[in-house]
Every structure is written in C-alpha cells, then in structure tokens.
Amino acid sequence: MRDDWLRRSVKMLTRWQFTVDLAVTRLFRRSRGNIPYRLAGSCNRCGACCETPAIQVHRLLYHSDIFRRTFLRWQNVVNGFTLIEEDRGDHTFVFHCTHYDPEAKGCDSYSSRPGMCRDYPKFLLEAANPVFPDTCGFRPVSRNAKRLRDALASLDLTPEQREKLDKGLNIRDDD
Ligand code: SF4
Ligand code: SF4
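Residues numbered from 1 in each chain as written. Chains lettered and ligands numbered in written order. Predicted model: local features only at pLDDT ≥ 70, side-chain atom pairs only at ≥ 80, totals over all residues.

**Section: the site of ligand 1**
Then comes step 1: Near ligand 1 the following residues occur: C50, P53, C97, H99, Y100, C107, R113, P114 and C117.
Then comes step 2: Residue composition of the shell around ligand 1, grouped by class: 7 nonpolar, 1 polar and 1 charged. (Near = placed C-beta within 6 Å. Nonpolar A, V, L, I, M, F, W, Y, C, P; charged D, E, K, R; others polar.)

**Quick notes on the pairing of strand 4 (residues 92–97)**
Then comes step 1: Burial along strand 4 is one-sided: F93, F95 and C97 are buried, while T92, V94 and H96, pointing the other way, are not.
Then comes step 2: Bridge analysis of strand 2 (residues 54–56) against strand 4 gives 3 bridges, and the strand direction is antiparallel. Residue pairing in the sheet places I55 in a bridge with F93 of strand 4.
Then comes step 3: In terms of strand pairing, strand 3 (residues 81–87) meets strand 4 through 6 bridges, oriented antiparallel. Bridge assignment links D87 to a residue of strand 4, and that residue is T92. (Buried ≥ 20, exposed ≤ 12 C-beta atoms within 10 Å, placed from the backbone. Helix = DSSP H or I, 4+ residues; strand = E, 2+ residues; numbered from the N terminus. Pairing = 2+ DSSP bridges.)

**Regarding the site of ligand 2**
Then comes step 1: C43, C46, A48, C49 and C136 are the nearest of the 14 residues found near ligand 2.
Then comes step 2: Considering only residue class, the shell around ligand 2 consists of 9 nonpolar, 4 polar and 1 charged.

**Side note on unusual backbone geometry**
Then comes step 1: Residues Y120 and P121 are joined by a peptide bond in cis, for which omega reads 5°.
Then comes step 2: Within the secondary structure, P121 is located in the loop between helix 5 (115–119) and strand 7 (138–142).
Then comes step 3: Even without being glycine, N170 reaches a positive phi, approximately 55°.
Then comes step 4: Inspection of the secondary structure puts N170 in the segment after helix 7 (159–168).
Then comes step 5: C-beta crowding within 10 Å serves as the criterion here: with 23 such atoms nearby, N170 is assigned to the buried category.

Laid out in structure tokens, this is it:
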C-alpha cells in the first residue's frame, strides 16, 4: 500500500536520524580500517534486495520482549515490513515488504523508502566476506585489489582459474 502523508513524514524524520547514525558509525569504522571493500557496479533494478529485506538488531533488543515487539510493530506500521522468519544466531529479522511489487519489480513508495533501502548494498561491504544477491549489479572490490592482482599476474593460471580467483577474492576491478 502506497505511503500516505503521515507515513511519509514519519519516515522522513527517522531517515534523518538513520543517516546521521550511519555517517558517524561509518566514519568511526573507516578510521579504524574496518571497511575492507568498496562498492563497484550499478543497480540493474533486479528487485532481489526487496524480496526479503532483513534487519540485524542488537542482541538486547532481540531478546527483550517489549523492545522486540515495539520494533516489529514499528517496522510493520511505518515501513510496511511483516515478519516472515528470523535467525536467532545473528539476531536477524527477515521481512516481506508490502510495498514491493514482484511483477513490476518495483516499490510503490520509492520516494519515501526507508534509509536502509537507500543505503543498500553498502552495509554488506562491512562483512568479512560480503555476499551479494546473484542478480545484483553491484559487487564488492577489495581495497587491496591492485596489490593482489599484481601478485597473481606472475602466476601461470588458466583464464578460468584467474576468473575464479578474481571473483573469490573480490579483486575484479574493471569499472
Ligand atoms: S520499501 Fe521499497 S525499496 Fe524498501 S524493500 Fe520495500 S519495496 Fe524495496
Ligand atoms: S539487488 Fe542490487 S541490482 Fe538488484 S535492485 Fe537491489 S541494489 Fe539493485
């Protein structure tokens, strides 16, 4: 269901808070060298990231009944996310997004989409081994890509082996 003016206003306010939070956190992580990849490629509008949006939360929120219920209610009422499954191991909630149209692969409230949708897939770059959806037009590139490519250049490898290594080590950099 398309966002009405009230939802749009609430989402705009939370988006500002999300953006400031994210900027501060990333600045801190970057200053400590904790973001090992950069983003390459572009969005091809495959829609994969809208099929089952997921949010990892702090374990205190995950295990606290009142915070958990409030969080899920907020996601449902404000963002249109309904819970479909969860991963207890890494405190992640997986949702169905009621704004997503799987036929058109589009969002019915694109201009008021949450901050996490705008940021996708940058947060994946913070993982030790980022996994992007197969159809995604973006990809991670290691910040050491050039050094690793130079080191591999002297090895006697078949084109297939080289391609496999480029992909596995996230060192392809042809943008
Ligand atoms: S709100 Fe829009 S952009 Fe975000 S997951 Fe849903 S359909 Fe995708
Ligand atoms: S999965 Fe990647 S390419 Fe597909 S819509 Fe999301 S960001 Fe764009």
